[in-house]
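# Overview (structure and organization)
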Amino acid sequence: MQYPAALPTFHEGEVTLSPLTTQDTEPVFKLVMKNRMYLRNWLNWVDQNNAIDQTEKFVRKSLQQHTDHTGMTYTIWTNNIMIGVISFNWIDGLNKKAQIGYWIDEEFQGKGFTTTACRVLVRFGFETLQLHRMELIIASGNDKSSAVAKRIGFQKEATLTQAEWLNDHFTDQEIYRLLADEWHG
Ligand SMILES: CC(C)(COP(=O)(O)OP(=O)(O)OC[C@H]1O[C@@H](n2cnc3c(N)ncnc32)[C@H](O)[C@@H]1OP(=O)(O)O)[C@@H](O)C(=O)NCCC(=O)NCCS
């Protein structure tokens, strides 16, 4: 795997992806707080992230992944406004595969920003990191997220039954995959 010495910043249309830094801690925390009721519908870590030290821990872990080449976290921006986070939650260099995760400020939904951000990360994963496989894990019923995945070319591969505790119930998880030779740029 070709992990770069310094993570690049990406500009695509109205979207900028910027590598996470410690300076992002407070803005990321504030963005989670602003969107917590909407994010918690699909992201079970939100209820655990209710004080800034949890975001500090997330940032520390993400930066350690940059050092270890085991993950990559970016903040998503438009017009100099931070609107979300997208990452390779983990990168498995031995097997040349990675898992993507993302969320965006509710106010900026439905404008194609996540699709653009995800497409940029996928292209970087295949063309620069030389990955072979990418995965997205999406809770059943999260149609907005599966629409993003399908738009980029991911295919549903499997369903994990009651694999995630979401708020007050177990939910199924759907695994979407995209292989290098299924990616059409
Ligand atoms: C799921 C989530 C990330 C989707 O983000 P999003 O930014 O709204 O996604 P996009 O805008 O790229 O999705 C495309 C939508 O924008 C529209 N769109 C507008 N302009 C577009 C463009 N230039 N390109 C692509 N789509 C565009 C599409 O028609 C589509 O609309 P629809 O969903 O009403 O059919 C967001 O809803 C979210 O953060 N949810 C909560 C957290 C979450 O579920 N995270 C994912 C966990 S797996």
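Throughout what follows, the structure given in this document is the object of discussion. (Residues numbered from 1 in each chain as written. Predicted model: local features only at pLDDT ≥ 70, side-chain atom pairs only at ≥ 80, totals over all residues. Heavy atoms only, no water.)

### Quick word on the packing of helix α4 (residues 113-127) against helix α5 (residues 143-152)
Contact geometry for α4 and α5: axes closest at 10 Å, N-to-C directions at 50°. One way to sum up the angle between α4 and α5 is to call them oblique. In the crossing of α4 with α5, the sense of the turn from one axis to the other is right-handed. Counting all contacts with α4, which are made through Thr 114, Thr 115, Cys 118, Arg 119 and Val 122, the residues of α5 involved are Val 148, Arg 151 and Ile 152. Looking at the contact of α4 with α5, its residues break down into four nonpolar, two polar and two charged. (Axes fitted to C-alpha atoms, helices over the stretch in contact; angles between N-to-C directions. Helix = DSSP H or I, 4+ residues; strand = E, 2+ residues; numbered from the N terminus. Parallel < 35°, antiparallel > 145°, perpendicular 65-115°, else oblique. Left-handed = near helix turned anticlockwise from the far one by under 90°. Contact = heavy atoms within 4.5 Å. Nonpolar A, V, L, I, M, F, W, Y, C, P; charged D, E, K, R; others polar.)

### Things to note about the site of the ligand
Around the ligand sit 21 residues, and of these Gln 109, Gly 110, Gly 112, Thr 114 and Thr 115 come closest. The separation between a nitrogen atom of the ligand and a polar main-chain atom of Tyr 102 is 2.9 Å. Residue Thr 115 places a side-chain N or O atom 2.6 Å away from an oxygen atom belonging to the ligand. In the complex, the protein chains occlude 71% of the 940 Å² of accessible area that the ligand would expose alone. Of all the elements in the fold, those that place two or more residues in the shell around the ligand are α2 (36-39), β5 (97-104), α4, β6 (133-139) and α5. Among the elements that make up the shell around the ligand, the one with the highest residue count is α5 (four residues). (Near = heavy atom within 4 Å. Polar contact = N/O pair within 3.5 Å; in protein donor to acceptor, adjacent residues only side chain to side chain. Areas by Shrake-Rupley, 256 points an atom, 1.4 Å probe, with all protein chains shown as cover.)

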